[in-house]
Amino acid sequence: PEELRRHDARGAVSRRNRGGVHRPAGLRLSRLRRRGGPRGPPKRKMSGEKNISVKAGALKLGHHAILKNRPCKITAYSVSKTGKHGHAKARIVGSDVFTGSKYEEISPTTHTMEAPILKKTEYPLIDIQDGYCSLLLDSGETKDDLKLPEGKLGEEISEAFEEGTDIVVQVLAWGNPPPFFEQIMEWKVDNS
C-alpha cells in the first residue's frame, strides 16, 4: 500500500514496520538497532546486576551458575543426547558457594542460564564487636556490616584476633557494586 511507503531526502523508499516506524527498505531491523535506530541500541546489563546470561551448553566443571536461585560452583555436568523433540539436555549439579548446600538443575543446552558475578576481596580486620567485623577498606574507611562467620571459621578468627594476631579476611561478594550478598570465606595472618 502506498500509505506505508515514504521517500527520504535521497529519494530512497522506506517502509513502515509493524510498530509504525519507518526504516529504509532492505535494511534489517537488527542492523538498524545496532546503529541506534528507531528503537535505540540493544539493551545491555547495567551496573548493579548480580548475574550474567550464559548458554547452558557453554558451562563446564568449575564454572559458576545460578541453580535454584543460589550461586553455585559446578561439581558435576553431563549432557544427554537429543531426544524426540530435538534438544540435548544438560544435567548440572553444583554446591552453593556460601553455604555448601548441593543443588541440581536440568536445562536444554541451547537455553540461557544465569551465572553469578562473584568477586573476592581481602581486607585487614580491625575489630570485632557484637558479632560483627570491622574491616579496613583501601580508601581508609571502615566496613562494619559483615557478620563474623558461624562455626569453626568464626571461632578461629576470634581466637586469633584475641591473641593479637594481625588478620586479613577474604570476603566473597555476589553482584556488582553494591553487592547483593557478602560473606567472609577465609582468613590468614597478615605478613605485611
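Predicted model, so just to flag it, every value in this text is computed and none were measured.

A.B. asks: Can you tell me about helix α2 (residues 152-162), naming the residues and giving the values?
C.D. replies: Along α2, the residues that are buried comprise G154, I157, S158 and A160. For α2, the arc enclosing every buried residue in end-on projection is 165°, short of the 170-degree limit, so these residues lie on one face. Counted as exposed and oriented over 90 degrees from the buried face of α2: K152 and E162. In this structure, the buried residues of α2 make contact with β10 (118-129), β13 (167-174) and β14 (181-189). Backbone geometry just after α2 places G164 at a positive phi near 90°.

A.B. asks: Could you give me a rundown of the environment of N176, with the residues and numbers involved?
C.D. replies: Examined against the element boundaries, N176 turns out to sit in the loop between β13 and β14. Between the C-alpha atom of N176 and that of L118, which follows or precedes it by 58 residues, the distance is 8.2 Å.

A.B. asks: With reference to specific residues and values, describe the sheet that holds β14.
C.D. replies: Here five strands make up an open sheet; going across it, the order is β12-β11-β10-β13-β14 and the pairing antiparallel. The outermost strands of the open sheet, each flanked by one partner alone, are β12 (142-147) and β14. Shown here is a sheet whose adjacent strand axes are inclined to one another by a mean of 45°, direction ignored. By the bridge criterion, seven bridges tie β10 to β13 in an arrangement that is antiparallel. Opposite P124, over in β13, you have V168 as the bridge partner. Packed on one face of the sheet, α2 meets β10, β13 and β14 and runs near 50° to β14.

A.B. asks: Describe a negative patch on the surface, with residues and values.
C.D. replies: There is a patch of like negative charges on the surface, built from E155, E156, E159, E162 and E163. Given the relative accessible area of 31%, E156 is considered partly exposed.

A.B. asks: Account for the pairing of strand β8 (residues 102-108), with residues named and values stated.
C.D. replies: Note that strand β7 (residues 89-96) and β8 share seven bridges and pair antiparallel. Considered in β8, the bridge of K89 is made with P108. Counting the residues that bridge the hairpin from β7 to β8 gives five residues, and of these G100 lies at a positive phi of roughly 85°.

A.B. asks: Give a description of the packing of aromatic side chains that names residues and reports values.
C.D. replies: A complete count under the given rule lists two aromatic pairs for this structure. Between F98 and F181 the ring centres are 4.7 Å apart and the planes differ by 75°, which places this aromatic pair in the edge-to-face class. In this pair, F98 is assigned in the loop between β7 and β8 and F181 in strand β14, connecting sequence segments 83 residues apart. Ring geometry for W174 against F180: centres 4.9 Å apart, planes inclined by 85°, an arrangement best described as edge-to-face. The side chain of R70 reaches across the aromatic face of F181, ending 6.0 Å from its centre.

Cut-offs applied
Residues numbered from 1 in each chain as written. Predicted model: local features only at pLDDT ≥ 70, side-chain atom pairs only at ≥ 80, totals over all residues. Heavy atoms only, no water. Buried < 20%, exposed > 50% of the residue type's maximum accessible area, 1.4 Å probe, protein only. Helix = DSSP H or I, 4+ residues; strand = E, 2+ residues; numbered from the N terminus. Arc of directions from axis to C-beta. Contact = heavy atoms within 4.5 Å. Pairing = 2+ DSSP bridges. Axes fitted to C-alpha atoms, helices over the stretch in contact; angles between N-to-C directions. Patch = residues over 30% accessible without salt bridge, like charges linked within 9 Å, V, L, I, M, F, W, Y side chains within 5 Å. Areas by Shrake-Rupley, 256 points an atom, 1.4 Å probe, with all protein chains shown as cover. Salt bridge = Lys/Arg side-chain N within 4 Å of Asp/Glu carboxyl O. Lys, Arg positive; Asp, Glu negative; His and termini not counted. Charge placed at Lys NZ, Arg CZ, Asp CG, Glu CD. Phe/Tyr/Trp six-rings, centres within 6.5 Å; stacked < 30°, edge-to-face > 60°. Lys NZ or Arg CZ within 6 Å of the ring centre and 35° of its normal.

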